[in-house]
Amino acid sequence: MDEPWDCEFVSRLLDGLVSFLSEFAEDWLANDMRAAVFKILLAWVVLSLVAIHFAWKVYGHTVNDMYYRQGEPGRAGPGRRAQTRSSMEDEPGPCRPVLSN
C-alpha cells in the first residue's frame, strides 16, 4: 500500500474501463459469426434467468412447502406417540418376524 488512492489511480481505472467498453461495442456492432454467436448465447442466458425468476415467483412457495416439514419437530399428531428409533424397533413390521420369548 505504498501508493495512496489518488486521481491518477482512478483515472487509469476509468481509462481501462472505457477502452474495454469501446472494444466491446466495436465487437458488438461487427457483423461476424463470433458476435452473432455471442448475442445468441447472451440472449439465451438472459431469457433463462428471467424465466427462472418468474417461475420462482409463481411456484416458490410450493417448492418451499414440499421441502420443509410442517409443524413442530418431535411431535406426532394427537393420540399418537412420537416415532423414535427404539419404538420402531419394538414394533413388528411387514418384513420383521414376530419373535416370542
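As a starting point, this report considers the structure included with it. (Residues numbered from 1 in each chain as written. Predicted model: local features only at pLDDT ≥ 70, side-chain atom pairs only at ≥ 80, totals over all residues. Heavy atoms only, no water.)

**Considerations on the packing of aromatic side chains**
Taken as a whole and judged by the stated rule, the model has four aromatic pairs. Summarising the aromatic geometry, the rings of Phe 24 and Phe 38 are spaced 5.9 Å apart at their centres and angled 85 degrees between planes, so their arrangement reads as edge-to-face. Separated by 14 residues along the polypeptide, Phe 24 in helix α1 (residues 7-29) and Phe 38 in helix α2 (residues 33-67) bring together distant segments of the chain. When its relative accessible area of 37% is taken as the criterion, Phe 24 is described as partly exposed. Phe 38 sits in the partly exposed class, given a relative accessible area of 39%. For the pair Trp 28 and Phe 38, a centre-to-centre distance of 6.1 Å together with 85 degrees between the ring planes defines the contact as edge-to-face. Of this pair, Trp 28 sits in helix α1 while Phe 38 is found in helix α2, placing the two residues ten residues apart along the sequence. Exposure remark for Trp 28: the relative accessible area of 32% places this residue in the partly exposed category. An aromatic cluster of at least three residues, connected via ring pairs, comprises Phe 20, Phe 24, Trp 28 and Phe 38. (Phe/Tyr/Trp six-rings, centres within 6.5 Å; stacked < 30°, edge-to-face > 60°. Helix = DSSP H or I, 4+ residues; strand = E, 2+ residues; numbered from the N terminus. Buried < 20%, exposed > 50% of the residue type's maximum accessible area, 1.4 Å probe, protein only.)

**Details of the pattern of salt bridges**
By the definition in use, this model includes two salt bridges. A salt bridge links Arg 34 to Asp 27; its shortest N-O distance comes to 3.6 Å. When its relative accessible area of 57% is taken as the criterion, Arg 34 is described as exposed. Across the salt bridge formed by Arg 34 and Asp 32, the nearest N and O atoms sit 4.0 Å from each other. Looking at Asp 32, the relative accessible area reads 33%, which means it is partly exposed. Through salt bridges that share partners, Asp 27, Asp 32 and Arg 34 make up one connected network. (Salt bridge = Lys/Arg side-chain N within 4 Å of Asp/Glu carboxyl O.)

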